[in-house]
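Read off the chains here:
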Amino acid sequence: MSIRLFDLLGRWFPLLLWVIAAHLAFGRAYLLAWNITESLPGTLFLVEKDVMPARGELMAFRWEANWPYPRGSLFLKRLIGLPGSVVTATGRAFFVDGEPAGRAKERARTGEPLDTGPVGIIPDGRYYVAGSHPDSLDSRYRLTGWVSRQQIVGKAHRLF
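Draft legend 1. Here's a closer look at the overall build of the chain. Check the secondary structure of the chain and you find one helix and eleven strands. Counting only C-alpha atoms and orienting by the principal axes, one finds that the chain spans roughly 55 × 35 × 25 Å. Counting the 160 residues in the chain, one finds 38% classified as buried. A separation of at least 24 residues holds for 58% of the contacts in the chain among residues at least 6 apart in sequence. Carbon and sulfur atoms make up 59% of the accessible area of the chain, which amounts to about 9800 Å² in all.

So this is what it looks like as C-alpha coordinates:
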(Lines give C-alpha, C1' and ligand atoms only; values in the text may rest on other atoms or scores of the structure.)
Protein backbone atom coordinates (compact mmCIF):
# COMPACT_ATOMS: atom_id res chain seq x y z
CA MET A 1 0.00 0.00 0.00
CA SER A 2 1.53 3.30 -1.00
CA ILE A 3 0.64 6.68 0.41
CA ARG A 4 0.17 9.35 -2.20
CA LEU A 5 1.74 12.74 -1.54
CA PHE A 6 -1.61 14.52 -1.70
CA ASP A 7 -3.13 12.14 0.85
CA LEU A 8 -0.22 12.77 3.20
CA LEU A 9 -0.39 16.54 2.75
CA GLY A 10 -4.15 16.48 3.22
CA ARG A 11 -3.81 14.63 6.49
CA TRP A 12 -1.08 16.88 7.94
CA PHE A 13 -2.13 20.20 6.37
CA PRO A 14 -4.35 21.33 9.29
CA LEU A 15 -1.55 20.74 11.81
CA LEU A 16 0.99 22.50 9.59
CA LEU A 17 -1.37 25.43 9.11
CA TRP A 18 -1.93 25.62 12.90
CA VAL A 19 1.83 25.57 13.57
CA ILE A 20 2.49 28.37 11.06
CA ALA A 21 -0.38 30.50 12.40
CA ALA A 22 0.74 29.96 16.00
CA HIS A 23 4.31 30.92 15.14
CA LEU A 24 3.21 34.12 13.42
CA ALA A 25 0.87 35.06 16.26
CA PHE A 26 3.00 34.07 19.25
CA GLY A 27 6.56 33.69 17.96
CA ARG A 28 8.00 36.43 20.15
CA ALA A 29 6.69 34.92 23.38
CA TYR A 30 6.51 31.21 22.55
CA LEU A 31 8.23 28.57 20.49
CA LEU A 32 7.44 25.00 19.60
CA ALA A 33 9.96 22.32 20.48
CA TRP A 34 10.12 18.75 19.20
CA ASN A 35 11.44 16.09 21.53
CA ILE A 36 13.41 13.68 19.34
CA THR A 37 14.64 11.42 22.16
CA GLU A 38 13.08 9.23 24.84
CA SER A 39 14.34 11.46 27.70
CA LEU A 40 10.82 12.72 28.47
CA PRO A 41 7.38 11.47 27.50
CA GLY A 42 5.90 13.58 24.75
CA THR A 43 6.86 14.79 21.30
CA LEU A 44 5.65 18.37 20.93
CA PHE A 45 6.15 21.08 23.59
CA LEU A 46 5.21 24.74 23.85
CA VAL A 47 7.97 26.84 25.41
CA GLU A 48 7.14 30.12 27.13
CA LYS A 49 10.21 32.19 26.40
CA ASP A 50 11.87 34.02 29.31
CA VAL A 51 9.60 32.35 31.90
CA MET A 52 11.55 30.62 34.67
CA PRO A 53 9.99 27.27 35.59
CA ALA A 54 9.48 26.28 39.22
CA ARG A 55 11.04 23.18 40.74
CA GLY A 56 9.39 20.09 39.24
CA GLU A 57 8.29 21.84 36.04
CA LEU A 58 9.60 21.31 32.54
CA MET A 59 12.12 23.68 31.04
CA ALA A 60 13.89 24.28 27.75
CA PHE A 61 17.57 25.19 27.60
CA ARG A 62 20.35 25.48 25.04
CA TRP A 63 22.99 22.74 24.91
CA GLU A 64 26.50 24.09 25.45
CA ALA A 65 28.64 21.09 24.48
CA ASN A 66 29.32 20.15 20.88
CA TRP A 67 28.77 16.39 21.30
CA PRO A 68 26.66 14.30 20.87
CA TYR A 69 24.30 17.10 19.77
CA PRO A 70 25.26 20.37 18.05
CA ARG A 71 25.97 23.35 20.32
CA GLY A 72 22.80 25.42 20.72
CA SER A 73 20.39 22.49 20.39
CA LEU A 74 17.22 22.92 22.42
CA PHE A 75 16.93 20.45 25.31
CA LEU A 76 13.81 19.71 27.36
CA LYS A 77 14.19 18.47 30.94
CA ARG A 78 12.53 18.68 34.35
CA LEU A 79 13.98 21.25 36.77
CA ILE A 80 14.67 19.40 40.03
CA GLY A 81 17.51 21.31 41.68
CA LEU A 82 17.65 25.05 42.43
CA PRO A 83 20.48 27.23 43.71
CA GLY A 84 21.16 26.10 47.27
CA SER A 85 19.98 22.52 46.66
CA VAL A 86 22.42 19.80 47.71
CA VAL A 87 23.45 17.25 45.07
CA THR A 88 25.02 14.03 46.35
CA ALA A 89 26.06 10.79 44.72
CA THR A 90 26.55 7.31 46.07
CA GLY A 91 28.53 5.57 43.39
CA ARG A 92 26.66 6.55 40.25
CA ALA A 93 23.28 7.10 41.97
CA PHE A 94 22.43 10.81 42.23
CA PHE A 95 20.26 12.59 44.79
CA VAL A 96 18.98 16.16 44.97
CA ASP A 97 18.11 17.28 48.49
CA GLY A 98 18.00 13.60 49.46
CA GLU A 99 15.52 12.64 46.70
CA PRO A 100 16.64 10.15 43.99
CA ALA A 101 17.60 11.89 40.74
CA GLY A 102 18.66 8.90 38.65
CA ARG A 103 21.65 6.67 38.14
CA ALA A 104 24.45 7.70 35.79
CA LYS A 105 25.48 5.14 33.20
CA GLU A 106 29.15 4.36 32.63
CA ARG A 107 28.90 4.52 28.85
CA ALA A 108 26.81 6.28 26.22
CA ARG A 109 24.71 4.21 23.84
CA THR A 110 27.52 4.72 21.34
CA GLY A 111 30.12 3.28 23.74
CA GLU A 112 31.93 6.45 24.86
CA PRO A 113 32.66 6.68 28.59
CA LEU A 114 30.45 9.13 30.51
CA ASP A 115 31.88 11.17 33.37
CA THR A 116 29.54 11.91 36.24
CA GLY A 117 28.27 15.42 36.86
CA PRO A 118 29.02 17.77 39.74
CA VAL A 119 28.00 17.23 43.36
CA GLY A 120 27.72 19.70 46.22
CA ILE A 121 25.64 22.82 46.78
CA ILE A 122 24.25 24.20 43.54
CA PRO A 123 25.56 27.77 43.19
CA ASP A 124 23.53 30.86 42.32
CA GLY A 125 22.48 30.95 38.68
CA ARG A 126 22.80 27.16 38.22
CA TYR A 127 20.16 24.41 38.08
CA TYR A 128 19.97 20.61 38.14
CA VAL A 129 17.87 19.12 35.33
CA ALA A 130 16.73 15.55 34.74
CA GLY A 131 14.80 13.46 32.26
CA SER A 132 12.58 10.55 33.22
CA HIS A 133 14.29 8.00 30.95
CA PRO A 134 17.38 6.11 32.20
CA ASP A 135 19.27 7.20 29.05
CA SER A 136 18.48 10.90 29.50
CA LEU A 137 21.53 13.13 29.02
CA ASP A 138 21.02 15.38 32.03
CA SER A 139 22.82 16.82 35.06
CA ARG A 140 24.01 13.37 36.15
CA TYR A 141 26.70 13.78 33.51
CA ARG A 142 29.57 16.23 33.17
CA LEU A 143 28.52 16.88 29.56
CA THR A 144 25.37 18.60 30.81
CA GLY A 145 26.33 19.48 34.37
CA TRP A 146 24.40 22.18 36.15
CA VAL A 147 22.56 24.35 33.64
CA SER A 148 23.28 28.08 33.85
CA ARG A 149 20.54 30.71 33.91
CA GLN A 150 21.87 32.04 30.59
CA GLN A 151 21.16 28.69 28.91
CA ILE A 152 17.50 28.63 29.95
CA VAL A 153 15.05 29.52 27.19
CA GLY A 154 11.88 29.17 29.26
CA LYS A 155 9.19 27.01 30.78
CA ALA A 156 7.98 24.08 28.67
CA HIS A 157 4.50 22.56 28.43
CA ARG A 158 3.80 19.19 26.82
CA LEU A 159 1.25 19.47 24.00
CA PHE A 160 1.45 15.98 22.49
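Draft legend 2. Examining the packing of aromatic side chains more closely. Under the counting rule described, the total for this entry stands at three aromatic pairs. Ring plane angle 85° and centroid distance 5.4 Å describe the contact between tyrosine 69 and phenylalanine 75, whose orientation is recorded as edge-to-face. Overall, tyrosine 69 belongs to the partly exposed group, its relative accessible area being 28%. Among the aromatic side chains, those forming a connected cluster through ring pairs are Phe61, Trp63, Tyr69 and Phe75.

Draft legend 3. Region of interest: the pairing of strand S4 (residues 74-81). Burial of S4 is extensive: six of the eight residues sit out of reach of the surface. Inspection of the sheet shows S4 paired to strand S9 (residues 126-130) by three bridges, in the antiparallel sense. Bridging from a neighbouring strand, leucine 79 pairs with valine 129 of S9.

Draft legend 4. Representation of the nonpolar core within the structure. By size, the foremost hydrophobic cluster in this structure holds 24 residues, and its most contacted members are Met59, Val87 and Tyr128. When residues of this core are traced back to their parent elements, those giving at least two are strand S3 (58-62), S4, strand S6 (93-96) and S9. For this core, the element with the most residues is S9, which contributes four residues. In this structure methionine 59 touches Pro53, Phe75, Leu76, Lys77, Leu79, Val129, Val147, Ile152, Gly154, Lys155 and Ala156, once residues within four positions along its chain are discounted. In this structure, Leu31, Leu40, Val47 and Ala60 belong to the second largest nonpolar core, which totals ten residues.

Draft legend 5. Layout of the sheet that holds strand S7 (residues 99-103). Strands sit in the order S7-S6-S5-S8 across an open sheet of four strands; the sheet is antiparallel. The open sheet is flanked by S7 and strand S8 (120-121), the only strands paired with a single partner. Across two bridges, the pairing between strand S5 (residues 86-90) and S8 is antiparallel. Looking across to S8, one finds that valine 86 is bridged to isoleucine 121.

Draft legend 6. Fine view of the pattern of salt bridges. In total, this model carries seven salt bridges according to the counting rule given. Of the charged contacts, one joins glutamate 38 and arginine 109 as a salt bridge, the two residues approaching to 2.9 Å between their closest N and O atoms. Taken together, the positions of glutamate 38 in the loop between strand S1 (30-34) and strand S2 (44-49) and arginine 109 in the loop between S7 and S8 put the pair 71 residues apart, joining distant regions of the chain. Residue class for glutamate 38 comes out partly exposed when judged on its relative accessible area of 48%. Here aspartate 97 and arginine 55 are joined by a salt bridge, their closest N and O atoms 2.6 Å apart. Note that aspartate 97 is positioned in the loop between S6 and S7 and arginine 55 in the loop between S2 and S3, a separation of 42 residues in sequence. Assessed through its relative accessible area of 36%, aspartate 97 is described here as partly exposed. Using a relative accessible area of 40% as the deciding quantity, one classes arginine 55 as partly exposed.

Cut-off values and rules
Residues numbered from 1 in each chain as written. Predicted model: local features only at pLDDT ≥ 70, side-chain atom pairs only at ≥ 80, totals over all residues. Heavy atoms only, no water. Helix = DSSP H or I, 4+ residues; strand = E, 2+ residues; numbered from the N terminus. Buried < 20%, exposed > 50% of the residue type's maximum accessible area, 1.4 Å probe, protein only. Contact = heavy atoms within 4.5 Å. Areas by Shrake-Rupley, 256 points an atom, 1.4 Å probe, with all protein chains shown as cover. Phe/Tyr/Trp six-rings, centres within 6.5 Å; stacked < 30°, edge-to-face > 60°. Pairing = 2+ DSSP bridges. Core = buried A, V, L, I, M, F, W, Y, C linked by side-chain atoms within 4.5 Å. Salt bridge = Lys/Arg side-chain N within 4 Å of Asp/Glu carboxyl O.

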